[in-house]
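Coordinates in review
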Amino acid sequence: MPDTTIFEALRESHERQRALSTALTGTSGDSPERRALFDELKTELAAHALAEDRHFYVPLMAHDAGIDLSRHAIAEHHQIDELVESLEETEPSSPAWLPLARKLAEKVEHHLKEEEHRFFQMAGKLLTEKQKTALAASYRDDYEDAKAAPA
């Protein structure tokens, strides 16, 4: 996919995050399914945030108009990380687990919508066409490496 843009590459992960979040919040009790979905979502979120910070937000910070937007998005990545940590520290059988998972799913959905509806438009104006395709390749490389790395 040599002509893929950074926006298309990011949307692929966004769709996986949405599907995993929905599936996770549909689980109940301490089941193997709940544990597997949570592990998969956790890996997806971490790999995506790492590669996105490096290959989307850092390049946007080179532009004055991209600084506040990038800081906001990176802060949301941190909030998502903190919710993941809270879930890790909570027993999957606990009554508190599902409400926390729903809070994580809501935060992820808010972040993805904001990126797709606000941040992508701004970035589309700041990045050149060549940057958009080069960043997609760099993003994908780091994303795949992060997903393959042991937890």
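Before reading further, recall that the structure is shown in the block above.
Residues numbered from 1 in each chain as written. Predicted model: local features only at pLDDT ≥ 70, side-chain atom pairs only at ≥ 80, totals over all residues. Heavy atoms only, no water.

Further remarks concern the nonpolar core. Within the largest apolar cluster, 20 residues are counted, with the highest numbers of intra-cluster contacts made by I6, F56, Y57, L60 and Y139. Looking at this core, the elements that each hand over two or more residues are α1 (6-25), α2 (32-60), α3 (64-88), α4 (97-126) and α5 (129-148). Among the elements that take part in this core, α2 stands out by supplying 5 residues, more than any other. If we ignore the near neighbours within four places in the chain, the residues touching Y57 are E52, L69, S70, A73, I74, H77, E115 and F119. Counting residues in each nonpolar core, the second largest holds 17 residues, with L20, L45, V84 and W97 among its members. (Core = buried A, V, L, I, M, F, W, Y, C linked by side-chain atoms within 4.5 Å. Buried < 20%, exposed > 50% of the residue type's maximum accessible area, 1.4 Å probe, protein only. Helix = DSSP H or I, 4+ residues; strand = E, 2+ residues; numbered from the N terminus. Contact = heavy atoms within 4.5 Å.)

Once that is clear, we can look at the environment of D30. For D30, the position within the fold is in the loop between α1 and α2. Counting along the chain gives 64 residues from D30 to S94, while the straight-line C-alpha distance between them is 8.2 Å. Excluding residues within four positions of it along the chain, D30 makes contact with R35, P92 and S93. Reaching out from D30, the side chain makes a polar contact with the side chain of R35 at a distance of 2.7 Å. (Polar contact = N/O pair within 3.5 Å; in protein donor to acceptor, adjacent residues only side chain to side chain.)

Let us look at the side chain of H14. Position of H14 relative to the elements: it lies in helix α1. Judged by its relative accessible area of 0%, H14 is buried.

Next up on the list: empty space enclosed by the protein. Within this structure, the stated rule accounts for 1 cavity of 30 Å³ or more. Q17, L45, H48, A49, H77, I80 and H111 are the residues that line the largest cavity. Elements with a contribution of two residues or more to the lining of the largest cavity: α2 and α3. Considering every element that reaches the lining of the largest cavity, the biggest residue donor is α2, with 3 residues. (1 Å grid on protein atoms, 1.4 Å probe; cavity = no way out; pocket = protein on both sides within 12 Å on 5 of 7 lines; lining within 4 Å. Points joined across faces, edges and corners; volume = space filled by probe spheres on them.)

What follows deals with the packing of α2 against α5. The geometry of α2 relative to α5 is characterised by a closest axis approach of 8 Å and an angle of 150° between their N-to-C directions. If you check the angle between α2 and α5, you find them roughly antiparallel. Read as a crossing pair, α2 and α5 show a hand that is right-handed. From α2, T43, E44, A47, H48, L50, A51, E52, R54, H55 and P59 reach across to α5, where they touch L135, S138, Y139, D142, Y143, A146 and K147. Considering only residue class, the contact of α2 with α5 consists of 8 nonpolar, 4 polar and 5 charged. (Axes fitted to C-alpha atoms, helices over the stretch in contact; angles between N-to-C directions. Parallel < 35°, antiparallel > 145°, perpendicular 65-115°, else oblique. Left-handed = near helix turned anticlockwise from the far one by under 90°. Nonpolar A, V, L, I, M, F, W, Y, C, P; charged D, E, K, R; others polar.)

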